[in-house]
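Architecture and fold: a report
Each chain, written out:
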Amino acid sequence: WYYLLINRLEEQVLEQHAARQDFSGAPSALSANEEYYTKVLYRDVKTGLGMTLCEEGARVWVHSLLGRDGSRWFVAPPESEEGGPAMKIGILPGDWLLGINGQALLPLSSGNKTLLKDAVSTIHYSADPIVLHLRRLPADKW
C-alpha cells in the first residue's frame, strides 16, 4: 500500500504540472524521456533534510547537499561522503523540485509569494516523512 500511495502522489503532481503549461515563465512541457522520481525523507536533527533550495525561472532547484559534518556539496558528492537525508537517497544538486507531499509547486498568477517560500513553508510545517517529487534534467539542459 505504501508504494501505491507514493506512486499516486507522484502521478498527481505530474498531472497538475501537465495541466499548467500555459503560464508565463513556465518550464518546458514535462517529457516522458526525462527522469521523474519521488523520494521519502525523514529529517535529521543536525542537517534537516540535508539540502538547500533556490528559485530561478519559476522553478525550485536543489542548490546544494549538506554533509553530516556540515560540508556543502554543489555537485554530486563522492560515494564515501556520509551525507544528510537528501544525499543518502540520491537527490543531486540541480534536481528540480516539482512538488511536496502530492502537491505541485506551481507559480500563482497573483500574489507576492514565491515558489521558494511555498516550498520552504510546506516543508517546515509538514510532519515527517516528507515526500518530494523531483525531476532530473539531463546535464545538457542546465
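As a reminder, the structure under discussion sits directly above these lines.
Residues numbered from 1 in each chain as written. Predicted model: local features only at pLDDT ≥ 70, side-chain atom pairs only at ≥ 80, totals over all residues. Heavy atoms only, no water.

Structural notes on the overall build of the protein chain
Scanning the protein chain from N- to C-terminus turns up three helices and seven strands. For the protein chain, buried positions account for 42% of its 142 residues. Long-range contacts, defined as pairs at least 24 residues apart, comprise 67% of the intrachain contacts of the protein chain with a sequence gap of at least 6. (Helix = DSSP H or I, 4+ residues; strand = E, 2+ residues; numbered from the N terminus. Buried < 20%, exposed > 50% of the residue type's maximum accessible area, 1.4 Å probe, protein only. Contact = heavy atoms within 4.5 Å.)

Things to note about unusual backbone geometry
The linkage connecting Asp-128 with the following residue, Pro-129, adopts the cis geometry, with an omega of 0°. Positive phi outside glycine occurs at Asn-101, with the angle close to 55°. Relative to the helices and strands, Asn-101 resides in the loop between β5 (96–100) and β6 (103–104). Judged by relative accessible area, Asn-101 falls into the partly exposed class, the value being 26%.

Details of the pattern of salt bridges
This structure, assessed with the given rule, holds three salt bridges. A salt bridge links Asp-44 to Arg-68; its shortest N-O distance comes to 2.5 Å. Taken as a pair, Asp-44 in the loop between β1 (35–41) and β2 (51–56) and Arg-68 in the loop between β3 (59–66) and β4 (72–73) lie far apart in primary sequence, 24 residues in all. Arg-68 sits in the partly exposed class, given a relative accessible area of 27%. (Salt bridge = Lys/Arg side-chain N within 4 Å of Asp/Glu carboxyl O.)

A look at the pairing of β5
With five of its five residues buried, β5 lies for the most part within the structure. Both β5 and strand β7 (residues 130–136) contribute to a ladder of four bridges, which runs antiparallel. Each bridged residue has a counterpart across the sheet, and for Ile-100 the counterpart in β7 is Leu-132. Bridge count between β5 and β6: two bridges; the pairing is antiparallel. Within the sheet, the bridge partner assigned to Gly-99 lies in β6 and is Ala-104. Between β5 and β6, which pair antiparallel and follow one another directly, the connecting turn spans two residues, one of which, Asn-101, has a positive phi of 55°. (Pairing = 2+ DSSP bridges.)

So, the pairing of β7
For β7, the buried fraction is high: six of the seven residues fall into the buried class. For β1 and β7, the ladder comprises seven bridges, and the chain directions are antiparallel. Looking at the pairing, Leu-41 lines up with Ile-130 of β7.

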